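Understanding the architecture of this molecule
Listed here are the chains, written in short residue letters.
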Amino acid sequence: MRRGHTIGLCFGSAGVGKTLSARRYAHYEKAHDLLTYWGPRSDNDAKIYAALNRSRTVLYTPSVLTTPRTLKDELTQAITRTNMCIEQHLVPPGTATPEAWGWRHGRNYVELIIVDEAERLRPAALELLRDRYDRDDIALILIGMPGLEKQFSHYPQFYSRVGFAHQYRPLGQDELLFVLERHWRS
Ligand SMILES: Nc1ncnc2c1ncn2[C@@H]1O[C@H](COP(=O)(O)OP(=O)(O)OP(=O)(O)O)[C@@H](O)[C@H]1O
Ligand SMILES: [Mg+2]
């Protein structure tokens, strides 16, 4: 998926674990503070750089009233910061010659953008996402409530790029029993 440069839609009802799974995949708990506050570095950050290098993923949640301009600025910032972290992992400061570093600098390592709460995206924002990240060969996953796939089917250019749709389902009875038996105490 990440290398297929496609668009994926993931939908499921409230509380089914959409946000949780996206956060897990993007190492959100580890990376969020660093990427958001962008403060002084600490020695522990190396772990975060390594995690971001593994996922190569940016998780973005538009706010309710996000305009296309804000979306563009916020995503650009998130991608730039993620790239800088990955670069720190691949080329720790002091290890590369200035020429080699200059060559790598500005390179894009991000392979996947996950947009949570994607029903908030208005048509112009969708179009921007499709166009912008198409050109950079970055795959997109949009996460939202059931109905998301219908909402987007009105935009043929966008919809024709959708490579897969995945529906999150609540656990079935056997799965629920399995989880409860093993994890009830904790
Ligand atoms: N498969 C799961 N395993 C463990 N915890 C889960 C799972 N699914 C949901 N949860 C729990 O339920 C809560 C809600 O999950 P989450 O926020 O991921 O739902 P969501 O699908 O994003 O819902 P919404 O549509 O409201 O955004 C989480 O805090 C999480 O702890
Ligand atoms: Mg959610």
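All values derive from a computational prediction rather than experimental measurement.

1. With respect to the packing of aromatic side chains
Overall, the coordinates contain 1 aromatic pair when judged by the stated rule. Directly above the ring of Trp38 sits Arg41, whose terminal nitrogen or CZ lies 4.2 Å from the centroid.

2. Re the nonpolar core
Counting residues in each nonpolar core, the largest one holds 23 residues, and the members touching the most others are Leu75, Ile113, Val115, Leu121, Leu129, Leu142 and Phe152. The set of elements that each furnish at least two residues to this core consists of strand 1 (7-11), strand 2 (57-60), helix 4 (68-90), strand 3 (112-115), helix 6 (123-135), strand 4 (139-144) and helix 7 (148-152). Considering every element that reaches this core, the biggest residue donor is helix 6, with 4 residues. Dropping the residues within four chain positions of it, Val115 is found in contact with Tyr60, Pro62, Leu121, Leu129, Ile141, Leu142 and Ile143. Membership of the second largest hydrophobic core comes to 10 residues, among which are Cys10, Ala22, Leu59 and Ile114.

3. Comments concerning the side chain of Arg81
Locating Arg81 in the fold gives a position in helix 4. Buried within the structure, Arg81 lacks any salt-bridge partner; Glu74 is the closest side chain of opposite charge, at an N-O distance of 11 Å.

4. Focus: the site of ligand 1
Taken together, Ser13, Ala14, Gly15, Val16, Gly17, Lys18, Thr19, Leu20, Glu117 and Met145 make up the full set of residues adjacent to ligand 1. In this structure, an oxygen atom belonging to ligand 1 sits 3.3 Å away from a main-chain N or O atom of Val16. In the model, an oxygen atom of ligand 1 is placed 2.6 Å from a nitrogen or oxygen of the Lys18 side chain. Across the complex, the protein chains shield 49% of the 630 Å² of accessible surface that ligand 1 would expose by itself. When the residues that make up the shell around ligand 1 are grouped by side-chain class, the tally is 4 nonpolar, 4 polar and 2 charged.

5. Observations regarding the packing of helix 4 against helix 6
In contact at an axis separation of 9 Å, helix 4 and helix 6 are set at 35° when each is read in the N-to-C sense. Helix-helix and strand crossings are classified by hand; for helix 4 and helix 6 the assignment is right-handed. Where helix 4 approaches helix 6, its residues Pro68, Leu71, Lys72, Leu75 and Ile79 are matched on the opposing element by Ala124, Ala125, Leu128, Leu129 and Tyr133. For the contact of helix 4 with helix 6, the residue count by class is 9 nonpolar, no polar and 1 charged.

6. Quick notes on the environment of Lys72
Relative to the assigned elements, Lys72 resides in helix 4. In this structure Lys72 comes out as partly exposed when scored by relative accessible area, which is 37%.

7. With respect to the pattern of salt bridges
Applying the stated criterion across every chain, the model contains 5 salt bridges. In this structure, Glu127 engages Arg130 in a salt bridge whose closest nitrogen and oxygen atoms are separated by 2.5 Å. Of the two residues, Glu127 and Arg130 both sit in helix 6, 3 residues apart, roughly one turn of that helix. Accessibility expressed as a relative area gives 12% for Arg130, which makes it buried.

Each value, and the rule that gives it
Residues numbered from 1 in each chain as written. Chains lettered and ligands numbered in written order. Predicted model: local features only at pLDDT ≥ 70, side-chain atom pairs only at ≥ 80, totals over all residues. Heavy atoms only, no water. Phe/Tyr/Trp six-rings, centres within 6.5 Å; stacked < 30°, edge-to-face > 60°. Lys NZ or Arg CZ within 6 Å of the ring centre and 35° of its normal. Core = buried A, V, L, I, M, F, W, Y, C linked by side-chain atoms within 4.5 Å. Buried < 20%, exposed > 50% of the residue type's maximum accessible area, 1.4 Å probe, protein only. Helix = DSSP H or I, 4+ residues; strand = E, 2+ residues; numbered from the N terminus. Contact = heavy atoms within 4.5 Å. Lys, Arg positive; Asp, Glu negative; His and termini not counted. Salt bridge = Lys/Arg side-chain N within 4 Å of Asp/Glu carboxyl O. Near = heavy atom within 4 Å. Polar contact = N/O pair within 3.5 Å; in protein donor to acceptor, adjacent residues only side chain to side chain. Areas by Shrake-Rupley, 256 points an atom, 1.4 Å probe, with all protein chains shown as cover. Nonpolar A, V, L, I, M, F, W, Y, C, P; charged D, E, K, R; others polar. Axes fitted to C-alpha atoms, helices over the stretch in contact; angles between N-to-C directions. Left-handed = near helix turned anticlockwise from the far one by under 90°.

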